[in-house]
Every structure is written in structure tokens, then in C-alpha cells.
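Here is what each chain is made of, one letter per residue.
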Amino acid sequence: MTFNKNLQNIKTYEAGKPIELVVREFGIEPKDIVKLASNENPYGCSPKVQNAVSNIVQNMALYPDDSMIKLKNGLSSRFEVKDENIIIGSGSDQVIEFLIHAKADSNSKILINSMTFAMYEIYAKHVGAEIIRTSTQRHDLDEFYDIYKKEKPEIIFLCTPNNPTGDAIDSKELFDFVKKIDSDTMVVVDGAYMEYAKAKDSSKEIVVKELIEQFSNVIYLGTFSKAYGLGGMRIGYGVANEKIIKELYKLRPPFNITTLSLEAASVALSDEEFVKKSITLNFEQMKRYEEFAKEQKIDIINSYTNFVTLCLNNNQSSTKISNSLLQKGMIVRDLSGYGMNAIRVTVGTDKQNSHFFKLVVQFL
Ligand SMILES: *Cc1c(COP(=O)(O)O)cnc(C)c1O
């Protein structure tokens, strides 16, 4: 059978290995497995979410509220925008899918950073669009601009903080860059880790209201999967000018978010204390990684997120070390697929991190 030829050169996205797989492959007990591979919140989610969700499990026969009014109200007051500026997706992943389908086709070009979130390329290939990458590990907005002038891409992705490197773009630089971009080019600002970045350094904070009020061609993406601890609920959002949101709505399947996820996200959004506490603990624990890297003479990229990227020395292989850790029940992300001899490790709890350090020292 032949399939859509756009699919021919797509490599299936490799999600962080689930705990279930390590149980099956290595016969390790789930309680002995530590997953530091997908940047989930190691402290779980707000206890208020668990209460709220258990109250509504009795009511699962009915379709969800497809207007998503409660969550939209929560988000619009958080960002000081209107409900019409918001679309909610099954993860911000789904919003990425919508916006690429809305803006690009097989004649389009999409500009992304040399190393960045893998889903941009996968969805670009769905529509047969051409991916153009910059050359440097960090977002170099001068290079982005040079390529933009030459290639006239339909979409530009800026991921700040960036996954899988953890570095972030200066907010002022980002605004100055967008000012120079033609209003028919869509600029996507993916802020999946913004809650962490703005807590660490306010010059990295992208104020969403200002962004979308100044620029009708920008969409900001956020997610409940990281700081809010709701990775399993699959819920994220896009904020943009209502004309963009209206187009994206044409691609949205009805009831794309479950009743449970909507309730969980609404309640999570209202418990700022929980998020604040997770972020404080995250950066406390991150210091231990910085010290560990120094002791072991491994390079670590200054991170504005809840993960660290450890760039290994030439005589250490990221694939070997991550496989060895996996056999001991420690799941981390090997970045060799990104052309980096590096591993990406989610900053876990105190105990999880100590376990990681111990296993790495054993390996080295
Ligand atoms: C995790 C992540 C997302 C999306 O996560 P969802 O779970 O689909 O909301 C988007 N962009 C980046 C850079 C991420 O790391």
C-alpha cells in the first residue's frame, strides 16, 4: 500500500521511555525506576487538582463543555487577554499541529533553531513544508533574521526556554526581532518552560499580553505538562490575535479536551502556591547538578527550565551512559539524535537526584 508521500521521511517521535517499558525490558520493579526523561514535575501536581478530579469522575458519561469556558476564563485573566485570544489543545503539541496546518503547505518554509523541540519538524513534514535550521546551538536572532530575509519562511519558531538545551532568549531581544518581521509571517513563541525562566531571571519573561497586543502575527504557546505537573492530562494552549485563533479553530476536532483535563487544568492554574514551591525546589536541586558537573568536569548548559543538559567529554558516549543508566532503572534522555554528545536530565527530587549522581559516578 502506498501512503501520503509526505510521511515517507518522518522518523516517529521518540517519547521519553515510559516506566512500563523498563519494567518489561529489564524486569525492574516500578518502585526502583526513576524517570528523569520528559521534564515532568517530580513533585506531582497540586493536591487541589486531585480532589477536584475525584469529585467529577462520577460524571463521565457526558461530553465535556466544548466551550471550555472555565479554563478559558482562568487563562484569559491570568494573561489579561480575552477568551477569544485563546485556543486549548491536547497538549500544546496539538496547537503546534493546528498552526502548521493553518499556515503552511508543501510550498512553505519553516524556520527553526538548529537544535530544538522535535515536533516542529514532524508536523512540518505532515504538510510537506521545508524545514530550515539555523547553525548555532543557541537562538541567534541575527542569524534568524538573515535567513528570514533570504528565505521568507511562512512560520518562525522561537522556543524559549529552548528544549533540549535549557537556554532562554532575552525578552527585549525577542520583541526587537519580531518588530522586524513582516506581519504575514507567523512567529511562534513556545513558552513551555516559561514559568521556570521568569522565576530565575525576569529579563527572560515574555509578557504575553504585550506580545499579542503589539503583534498580530505572533502566537504564544504554554502547557500544563511541565510546571503544573499535568503531563498525563494532555493539556496546553495558544494565545494570539483572535484572527489567528479563529483559523486554528477550523482545524480543532470537537471535544479535544476531556472533562477531567479541563477541570484539572482550571484548578492547577488557581493554585499558584504549588507551582511557586515546585519552582523554588527545582532551582535548589539544580544547584546540585551544577556542582556535580563541576566536580566531574562535565559541561552543563545554564538552564532556565526544570532540566539540565550535560555535555559529555569526547571519551564519554551519551548513548553508552544513558543505556547503562537505563539498565539500572534510571531513565534520562540521550541527545545523540540531536547530534550532541549530551544527556538531558529532568531535575528530580532530592532523593532522585542523589540516585542519579551515584549511578553516573559508578559508570564513570
Ligand atoms: C513539553 C513541550 C511542549 C508540549 O508539551 P505538551 O505536553 O504537548 O503540552 C511544547 N514545547 C516544548 C519545547 C516542550 O518541551
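Criteria and thresholds
Residues numbered from 1 in each chain as written. Predicted model: local features only at pLDDT ≥ 70, side-chain atom pairs only at ≥ 80, totals over all residues. Heavy atoms only, no water. Helix = DSSP H or I, 4+ residues; strand = E, 2+ residues; numbered from the N terminus. Rg over C-alpha atoms; globule rule 2.2 N^0.38 Å. Buried < 20%, exposed > 50% of the residue type's maximum accessible area, 1.4 Å probe, protein only. Contact = heavy atoms within 4.5 Å. Lys, Arg positive; Asp, Glu negative; His and termini not counted. Charge placed at Lys NZ, Arg CZ, Asp CG, Glu CD. Pairing = 2+ DSSP bridges. Right-handed = clockwise from strand over helix to strand, strands pointing away. Salt bridge = Lys/Arg side-chain N within 4 Å of Asp/Glu carboxyl O. Domains from an automatic or database assignment. Buried area = accessible area lost by both parts, 1.4 Å probe. Polar contact = N/O pair within 3.5 Å; in protein donor to acceptor, adjacent residues only side chain to side chain. Nonpolar A, V, L, I, M, F, W, Y, C, P; charged D, E, K, R; others polar. Axes fitted to C-alpha atoms, helices over the stretch in contact; angles between N-to-C directions. Patch = residues over 30% accessible without salt bridge, like charges linked within 9 Å, V, L, I, M, F, W, Y side chains within 5 Å. Areas by Shrake-Rupley, 256 points an atom, 1.4 Å probe, with all protein chains shown as cover. Parallel < 35°, antiparallel > 145°, perpendicular 65-115°, else oblique. Core = buried A, V, L, I, M, F, W, Y, C linked by side-chain atoms within 4.5 Å.

## Observations regarding the overall build of the chain
- Helix and strand counts for the chain stand at 14 helices and 13 strands.
- At 20 Å, the chain has a C-alpha radius of gyration in line with the 21 Å of a compact globule built from 364 residues.
- Each principal axis of the C-alpha distribution contributes one length, and for the chain these read about 55 × 55 × 55 Å.
- Out of the 364 residues belonging to the chain, those deemed buried represent 53%.
- In the chain, once contacts between residues fewer than 6 apart in sequence are set aside, the share between residues at least 24 apart is 73%.
- Considering the chain, the positive charge centre built from 44 side chains and the negative charge centre built from 47 side chains are found 3 Å apart.

## Some words on the pairing of strand 3 (residues 109–112)
- Of the strand pairs in this sheet, strand 3 and strand 4 (residues 130–133) are connected by four bridges, and their pairing is parallel. Residue pairing in the sheet places lysine 109 in a bridge with glutamate 130 of strand 4.
- The parallel pair strand 3 and strand 4 is bridged by helix 5 (residues 119–126), and the resulting crossover is right-handed.
- Note: strand 3 against strand 5 (residues 155–159), two bridges, orientation parallel. Bridge pairing in strand 5 links leucine 111 to isoleucine 156.

## A look at the pattern of salt bridges
- Taken as a whole and judged by the stated rule, the model has 16 salt bridges.
- Two residues, glutamate 121 and lysine 125, come together in a salt bridge whose shortest N-O distance is 3.3 Å. Here the residue glutamate 121 and the residue lysine 125 both occupy positions in helix 5, the gap between them amounting to four residues, near one helical turn.
- The partly exposed category is assigned to glutamate 121, whose relative accessible area is 22%.
- Aspartate 170 is paired through a salt bridge with lysine 204; the nearest N and O atoms lie 3.8 Å apart. Taken together, the residues span a long stretch of sequence, with aspartate 170 in the loop between strand 5 and helix 7 (171–179) and lysine 204 in the loop between helix 8 (194–200) and helix 9 (208–214) at a distance of 34 residues.
- In this structure aspartate 170 comes out as partly exposed when scored by relative accessible area, which is 24%.

## A word on the domain arrangement of the chain
- Along its sequence, the chain is carved into domain 1 (5–45 + 273–363) and domain 2 (47–271).
- The junction of domain 1 with domain 2 conceals about 2900 Å² of combined surface from both sides, 64% of it contributed by carbon and sulfur atoms.
- When the buried area of domain 1 at its contact with domain 2 is split by residue, Cys45, Tyr304 and Tyr338 rank highest and sum to 26% of it.
- Summed over the shared surface of domain 1 and domain 2, the result is twelve residue pairs in polar contact (both at pLDDT 80 or more).
- Of all elements in the fold, only helix 12 (272–296) and strand 10 (307–311) reach the threshold of two or more residues within the side of domain 1 that touches domain 2.
- With six residues, the top contributor of residues to the side of domain 1 that touches domain 2 is helix 12.
- Split by residue class, the side of domain 1 that touches domain 2 holds 14 nonpolar, twelve polar and four charged.

## What to know about the sheet that holds strand 10
- Judged by pairing direction, the sheet is antiparallel, and its four strands sit side by side in the order 9-10-13-12 without closing on themselves. In this open sheet, the two strands that pair with only one neighbour each are strand 9 (299–300) and strand 12 (333–334).
- Two strands pair when backbone bridges link them, and strand 12 and strand 13 (residues 342–346) are joined in this way by two bridges, in the antiparallel orientation. In the strand pairing of strand 13, arginine 333 is matched with arginine 344.
- Across the sheet, helix 12 lies against strand 9, strand 10 and strand 13, angled at about 5° from strand 10, the strand it touches most.

## What to know about the sheet that holds strand 7 (residues 218–223)
- Here we have seven strands laid out as an open sheet, ordered 2-8-7-6-5-3-4, and mixed in their pairing. Edge strands, defined here as strands with exactly one partner in the open sheet, are strand 2 (86–89) and strand 4. Strand-to-strand twist across the sheet, computed as the mean angle between neighbouring axes with direction ignored, equals 20°.
- Bridge analysis of strand 7 against strand 8 (residues 236–240) gives five bridges, and the strand direction is antiparallel. In the sheet register, leucine 221 faces strand 8, and the bridge partner there is glycine 238.

## Some details on a nonpolar patch on the surface
- Together, Met1, Phe3 and Leu7 line one region of the surface with nonpolar side chains, adding up to about 420 Å² of accessible area.
- Note on placement: phenylalanine 3 falls in the segment before helix 1 (19–26).

## So, the packing of helix 6 (residues 141–151) against helix 7
- With their axes 11 Å apart at the nearest point, helix 6 and helix 7 run at an angle of 10° to one another. As the angle between them shows, helix 6 and helix 7 are arranged roughly parallel. On helix 7, the residues that touch Leu141, Phe144 and Tyr145 of helix 6 are Glu173, Leu174 and Phe177.
- The class makeup of the residues in the contact of helix 6 with helix 7 is five nonpolar, no polar and one charged.

## Description of the nonpolar core
- Judged by nonpolar contacts, the single largest core of 82 residues is most densely connected at Phe224 and Phe356.
- It is helix 12 that contributes the most residues to this core, eight residues altogether.
- When residues of this core are assigned to domains, at least three fall in each of domain 1 (5–45 + 273–363) and domain 2 (47–271).
- Once residues lying within four places of it in the same chain are set aside, the contact partners of phenylalanine 356 are Leu36, Tyr289, Phe292, Leu310, Leu325, Met330, Val332, Ile343 and Val345.
- The next biggest cluster of nonpolar side chains, apart from the first, holds 29 residues, and it includes Ala104, Ile112, Ala124 and Met186.

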